[in-house]
Amino acid sequence: MALISPELWENYERDGFLRLGKLLSDDALQALQTRIDAIMLGEADVNYEQLLMQLDSKDGAYENAGAQSLGHKGATLAYRKIQNLEFDPLFMNYMERPIFREICAHIYGENTPIALFRAMFMNKPANQGTLLPWHQDRWNYLDRDPMITLWTALDPATIQNGCVEVVPGSHKNGLLNGAHMSGFLTQEQSDEASNGPTQFLELEAGEVVLLHNWLLHRSDKNHSNQSRRAFSVCYMDGRTKNQQWDENFTRVWEESAVLA
């Protein structure tokens with residue numbers, strides 16, 4: 001029996017996002033929260049040289065966030081990003097849930113191999129956090145565009161602490177001409193997005209939302225005492241190649257996990 005109804009898929013096609021509800025039990029949520037805090041504090045049994053880690057900016061400016069590079073950068077809960085979490089067994093187990101497999105089969109086709117791209121923790125520490133400008137999720141060095149992201153709230157995501165804001169239906173316009181090749185919009189495009197009908201994706205901790213990667217979205221700084229921890233992973237066609245450097249992408253739902 002399908003976990004997502006045809007009516008819900010129609011909503012996704014219309015809006016470019018779909019709320020999947022709370023998929024994490026309280027115990028499972030706490031396990032992921034505890035695990036990511038341990039990783040930030042340097043207390044986890046994990047190979048830190050495999051993890052891309054970035055400290056948050058102190059002034060909220062995107063361009064002033066720390067360097068994105070492999071390795072631990074000190075015991076602090078003020079990391080902005082921790083990427084390559086497919087190397088952590090707890091997060092990898094979560095990414096292999098049946099509902100995510102059903103989503104990938106619907107989007108890419110039942111027999112298409114699926115790989116993980118940018119399995120990452122995104123954080124806006126209390127009264128801090130980096131403003132993320134309007135953008136689409138796309139990467140010009142890949143030979144095909146990944147189409148979907150699953151975004152899981154590890155804390156309550158509210159307007160006050162910088163939840164994701166989207167322009168419903170904007171994915172149907174495709175890739176925007178003039179936008180930076182990394183997906184960031186021009187100032188004119190950003191102004192247009194801000195002035196149009198937007199929607200804030202406020203979520204309870206443990207809730208998940210499916211996002212089309214071409215959907216215009218942004219997020220503000222955290223103006224509250226509540227951190228905004230989240231886990232985001234892009235699922236893509238497993239045959240995707242990096243056209244600029246050799247890169248192995250981890251496949252899911254296969255005996256052989258790594259794409260050579």
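In this report, we go over the structure that sits alongside the text. (Residues numbered from 1 in each chain as written. Predicted model: local features only at pLDDT ≥ 70, side-chain atom pairs only at ≥ 80, totals over all residues. Heavy atoms only, no water.)

1. Describing the overall build of the chain
So, point 1. Counting its secondary structure elements, the chain contains 5 helices and 13 strands.
So, point 2. Since a compact globule built from 260 residues should have a radius of gyration of about 18 Å, the 17 Å found for the chain is in line with a globular shape.
So, point 3. Reported as C-alpha extents along the three principal axes, the dimensions of the chain are approximately 50 × 45 × 40 Å.
So, point 4. Taking all 260 residues of the chain together, 54% fall into the buried category.
So, point 5. Within the chain, residue pairs in contact and separated by at least 24 positions form 82% of the contacts whose partners lie at least 6 positions apart. (Helix = DSSP H or I, 4+ residues; strand = E, 2+ residues; numbered from the N terminus. Rg over C-alpha atoms; globule rule 2.2 N^0.38 Å. Buried < 20%, exposed > 50% of the residue type's maximum accessible area, 1.4 Å probe, protein only. Contact = heavy atoms within 4.5 Å.)

2. Quick look at the pairing of strand β7 (residues 148-153)
So, point 1. For β7, the buried fraction is high: 6 of the 6 residues fall into the buried class.
So, point 2. Residues Ile 148, Leu 150 and Thr 152 line one face of β7 and the alternating positions Thr 149, Trp 151 and Ala 153 line the opposite face, and both faces are buried.
So, point 3. Here 5 bridges tie β7 to strand β10 (residues 207-212), and the two strands are oriented antiparallel to one another. Note that in β10 the partner of Leu 150 across the bridge is Leu 210. (Pairing = 2+ DSSP bridges.)

3. Here's the deal with the nonpolar core
So, point 1. Core analysis: the biggest nonpolar cluster contains 53 residues, and Ile 39, Ile 82, Ile 103 and Tyr 235 have the highest contact counts within it.
So, point 2. Excluding residues within four positions of it along the chain, Ile 39 makes contact with Ala 44, Val 46, Tyr 48, Leu 51, Met 53, His 72, Ile 82, Leu 85 and Asp 88.
So, point 3. By size, the runner-up hydrophobic cluster in this structure holds 13 residues, among which are Phe 17, Ala 153, Cys 163 and Leu 203. (Core = buried A, V, L, I, M, F, W, Y, C linked by side-chain atoms within 4.5 Å.)

4. A look at the sheet that holds strand β11 (residues 217-219)
Sheets are built from strands paired through backbone hydrogen bonds, the pairs being either parallel or antiparallel.
So, point 1. The antiparallel open sheet is built from 4 strands, whose spatial order is β6-β11-β8-β9. With one partner strand each, in any of the chains shown, β6 (132-135) and β9 (199-200) form the two edges of the open sheet.
So, point 2. Where strand β8 (residues 164-166) and β11 come together, 3 bridges link them in antiparallel fashion. The partner of Glu 165 across the bridge, within β11, is Arg 218.

5. Some remarks on the packing of aromatic side chains
So, point 1. One pass over the structure, following the stated rule, counts 9 aromatic pairs.
So, point 2. For the pair Tyr 94 and Phe 100, a centre-to-centre distance of 5.4 Å together with 85 degrees between the ring planes defines the contact as edge-to-face. For the pair shown, Tyr 94 and Phe 100 are each scored as buried.
So, point 3. Taking the centre distance of 4.8 Å and the plane angle of 80 degrees together, the rings of Phe 117 and Trp 139 count as edge-to-face. Within this pair, whereas Phe 117 is found in strand β5 (residues 114-124), its partner Trp 139 is found in the loop between β6 and β7, the two being separated by 22 residues in sequence. The pair formed by Phe 117 and Trp 139 is uniform in burial state, with each residue classed as buried.
So, point 4. Three or more aromatic residues link up through ring pairs in this structure, and these residues are Phe 91, Tyr 94, Phe 100, Phe 231, Tyr 235 and Trp 253. (Phe/Tyr/Trp six-rings, centres within 6.5 Å; stacked < 30°, edge-to-face > 60°.)

6. Some words on the pairing of strand β4 (residues 79-83)
So, point 1. The element β4 is extensively covered by neighbouring structure, given that 5 of its 5 residues are classed as buried.
So, point 2. The pairing of strand β2 (residues 52-55) with β4 spans 4 bridges and is classified as antiparallel. Across the sheet, residue Met 53 finds its bridge partner in β4, namely Ile 82.
So, point 3. For β4 and β5, the ladder comprises 3 bridges, and the chain directions are antiparallel. Within β5, the position partnered with Lys 81 by the bridge is Met 122.

7. Remarks on the side chain of Thr 240
So, point 1. You can see Thr 240 is positioned in the loop between β12 (228-237) and β13 (251-252).
So, point 2. Classification of Thr 240 as buried rests on a relative accessible area of 2%.
So, point 3. Polar contacts involving the side chain of Thr 240 include one to the main-chain carbonyl oxygen of Asp 237, which spans 2.6 Å. (Polar contact = N/O pair within 3.5 Å; in protein donor to acceptor, adjacent residues only side chain to side chain.)

8. Description of the environment of Leu 52
So, point 1. Secondary-structure assignment places Leu 52 in strand β2.
So, point 2. Accessibility expressed as a relative area gives 16% for Leu 52, which makes it buried.
So, point 3. Residues Leu 52 and Asn 84, spaced 32 residues apart in sequence, show a C-alpha to C-alpha distance of 6.4 Å.

9. Here's the deal with helix α4 (residues 98-108)
So, point 1. Here α4 has its buried residues at Ile 99, Phe 100, Glu 102, Ile 103, Cys 104, Ala 105 and Tyr 108.
So, point 2. Where α4 terminates, the next one or two residues include Gly 109, which has phi positive at roughly 110 degrees.

10. A short note on the pattern of salt bridges
So, point 1. A complete count under the given rule lists 11 salt bridges for this structure.
So, point 2. Among the ionic pairs, Asp 26 bridges to Lys 22, the shortest N-O distance being 2.9 Å.
So, point 3. Residue Lys 22 is classed as partly exposed on the basis of its relative accessible area, which comes to 42%.
So, point 4. Here Glu 254 makes a salt bridge to Arg 251, at a shortest N to O gap of 3.3 Å.
So, point 5. Look at Glu 254 and you get partly exposed, because its relative accessible area is 34%.
So, point 6. Several salt bridges converge on common partners, so that one network encompasses Asp 143, Arg 144, Asp 237 and Arg 239. (Salt bridge = Lys/Arg side-chain N within 4 Å of Asp/Glu carboxyl O.)

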